[in-house]
Amino acid sequence: MLTAEDGEIRTGANVVVMENALIRGRDRHPALVGDAVLIGPHAHVNGASVEDEVFVATGASLFPGAVAGARSELRINSVLQVNSRLRPDSVVPIGWVAAGNPAELFSPDRHDELWEKQRDLDFPGTVYGVSRGTPMSTVMARQAEFYAAHTQDRLLRDS
């Protein structure tokens, strides 16, 4: 699925987006995909940049403001955290998280260390435009209002 309802999406040549993958352009973070890129099944490229010759495996997630450097690999269920930059030719192992600029790799058992790195990357500000600690009721009310703009959408049929 490609969704650019409030932000741009650009793809290069020879890009393959597999089934159930999502590429989302965001207002302040376009989704930019270079040449010769594979976006695997169930992967998410959400307001992130993917440089040339990158492999994004099944279930991998790239968050807003993230950049996957050329020829890098994000293996199954890996994450490139918000506002993080993965160096070219890097590999994020299966199930690991890359966070920071430049990105540091964290195995799933290093949650506390990851949180120390991730806290200053400003996920709530980058993704929702709110400060950390904003109540979920406020965040979700804003999200519901954003998506409610489509309640009057209608299906367009081929002529």
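Values in this document were obtained by computation on a predicted structure and should not be read as measured data.

K.L.:
Just give me the short version of the overall build of the protein chain, but keep the residues and values in it.
P.N.:
Tallying secondary structure elements over the protein chain gives 3 helices and 17 strands in all. Seen through its principal axes, the protein chain has C-alpha atoms that stretch 50 × 40 × 20 Å. Looking at the protein chain residue by residue over its 159 residues, the buried ones come to 40%. The long-range share in the protein chain, meaning contacts at least 24 apart out of those at least 6 apart in sequence, stands at 10%. As displayed, the protein chain offers around 9,000 Å² of accessible surface, 51% of which is attributable to carbon and sulfur atoms.

K.L.:
Describe the nonpolar core, and please don't skip the residues or the numbers.
P.N.:
Judged by nonpolar contacts, the single largest core of 22 residues is most densely connected at Ile39, Val56, Leu62, Leu74 and Leu80. Leu80 has contacts with Ser61, Leu62, Phe63, Ala66, Val67, Ala68, Leu74, Leu86, Ala98 and Ala103, leaving out every residue within four places of it along the chain. Counting 7 residues, the second largest nonpolar core, distinct from the first, contains Val97, Ala99, Phe106 and Leu114.

K.L.:
I'd like a rundown of the sheet that holds strand β8 (residues 49-50), residues and numbers included.
P.N.:
Read across the sheet, 5 strands follow the order β2-β5-β8-β11-β14 without closing on themselves; strand pairing throughout is parallel. Each edge of the open sheet is held by one strand with a lone partner, namely β2 (9-11) and β14 (85-86). In this sheet, strand β11 (residues 67-68) lies alongside β8 in parallel orientation, the contact comprising 2 bridges. Following the sheet pairing, Ser49 is matched in β11 by Val67.

K.L.:
Tell me about the environment of Arg154, residues and numbers included.
P.N.:
Tracing the backbone through its elements, the reader meets Arg154 in the segment after α3 (136-148). What makes Arg154 exposed here is its relative accessible area of 65%. Measuring from C-alpha to C-alpha, the distance between Arg154 and Thr134 comes to 34 Å, with 20 residues separating the pair along the chain.

Thresholds, definitions, all that
Residues numbered from 1 in each chain as written. Predicted model: local features only at pLDDT ≥ 70, side-chain atom pairs only at ≥ 80, totals over all residues. Heavy atoms only, no water. Helix = DSSP H or I, 4+ residues; strand = E, 2+ residues; numbered from the N terminus. Buried < 20%, exposed > 50% of the residue type's maximum accessible area, 1.4 Å probe, protein only. Contact = heavy atoms within 4.5 Å. Areas by Shrake-Rupley, 256 points an atom, 1.4 Å probe, with all protein chains shown as cover. Core = buried A, V, L, I, M, F, W, Y, C linked by side-chain atoms within 4.5 Å. Pairing = 2+ DSSP bridges.

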